[in-house]
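# Results of the structural survey
For reference, the chains in residue letters:
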Amino acid sequence: VCDTPERGGLCPADCTVLAFLEDFEGAWPGAWLTGDNDGNSGTDTWGRVSNRSVSTSQSLWCAQNGDNLTGYDDYMQAWAVRAIDLSPWAGSATLTLSLWIWVHTDGNNDWYATTYSADGTTWTALESTTGDTGGWVQKTYDLTAQAGNASFVLGLYFESNWIGSLQEGAYVDDIRITAVR
């Protein structure tokens, strides 16, 4: 319960609601859709793995469904998307997306991006990451502008070029959207 004197009526410790959680421990793919827009090295898509995770035993890897079991393939444009209904948060809610990423690529031409679509067709990158994060890194983004959007789609994207890679690529875990009214 928020008491009036607490931060002008808002107290995140009491009023923060978990609007969405994905820790990749449930059935896969569930509501997620996956694909690869570049089939030059076969189809390589995001899938669940147990070799790297943040809080539990599973995470998502950019190249789980492919033919290279130790790293990512050349010519990848792998994506995973999930529709999330944010209509219950219309009005005065502040929405925050947080997720953990682990990225290790061969440099500037191979990269991971957290993306979203407000309408299911036009995509916006929240941030892209290349190189080596040095382990798991938590990222947070303000989604307040999407509060009330019933057509919101979250996207994970990984792209590689034609130069053979010796790295693992990208992992994602513990995706949360929290709402504060």
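Structure's up top.
Here goes a summary of the coordinates provided. Quantities reported herein were computed from a predicted structural model and do not represent experimental measurements. (Residues numbered from 1 in each chain as written. Predicted model: local features only at pLDDT ≥ 70, side-chain atom pairs only at ≥ 80, totals over all residues. Heavy atoms only, no water.)

All chains considered together, the criterion is met by 3 salt bridges. Glutamate 22 is the salt-bridge partner of arginine 82, the closest N and O atoms lying 3.3 Å from each other. Placement of the pair is arginine 82 in strand 5 (residues 77-83) and glutamate 22 in strand 1 (residues 16-22), with a sequence separation of 60 residues. (Salt bridge = Lys/Arg side-chain N within 4 Å of Asp/Glu carboxyl O. Helix = DSSP H or I, 4+ residues; strand = E, 2+ residues; numbered from the N terminus.)

If you look at the biggest cluster of nonpolar residues, it comprises 37 residues, and the most contacted ones within it are Trp46, Cys62, Leu99, Tyr112, Leu156, Ile175 and Ile177. Elements with a minimum of two residues in this core: strand 3 (45-49), strand 4 (59-65), strand 5, strand 6 (94-104), strand 7 (111-117), strand 10 (153-159) and strand 11 (169-180). Aside from chain neighbours lying at most four places away, what touches tyrosine 112 is Trp46, Leu99, Ile101, Val103, Glu127, Ser128, Thr129, Leu156, Tyr157, Phe158, Ala170 and Val172. (Core = buried A, V, L, I, M, F, W, Y, C linked by side-chain atoms within 4.5 Å. Buried < 20%, exposed > 50% of the residue type's maximum accessible area, 1.4 Å probe, protein only. Contact = heavy atoms within 4.5 Å.)

Now for the packing of aromatic side chains. The geometry of two aromatic rings is summed up by the distance between their centres and the angle between their planes. Counted according to the given criterion, the structure contains 10 aromatic pairs. The structure contains a cluster of three or more aromatic residues connected by ring pairs, namely Trp61, Trp102, Trp136 and Tyr171. Against the face of tryptophan 102 rests arginine 52, its NZ or CZ located 3.8 Å from the ring centre. (Phe/Tyr/Trp six-rings, centres within 6.5 Å; stacked < 30°, edge-to-face > 60°. Lys NZ or Arg CZ within 6 Å of the ring centre and 35° of its normal.)

A separate point is the sheet that holds strand 7. Here 5 strands make up an open sheet; going across it, the order is 2-5-10-7-8 and the pairing antiparallel. Because the sheet does not close on itself, it has two edges, and the strands there are strand 2 (33-36) and strand 8 (123-129). When strand polarity is set aside, the average angle formed by the axes of neighbouring strands in this sheet is 20 degrees. Sheet analysis places strand 5 next to strand 10, joined by 7 bridges and oriented antiparallel. Bridging across to strand 10, alanine 80 finds its partner in leucine 156. (Pairing = 2+ DSSP bridges. Axes fitted to C-alpha atoms, helices over the stretch in contact; angles between N-to-C directions.)

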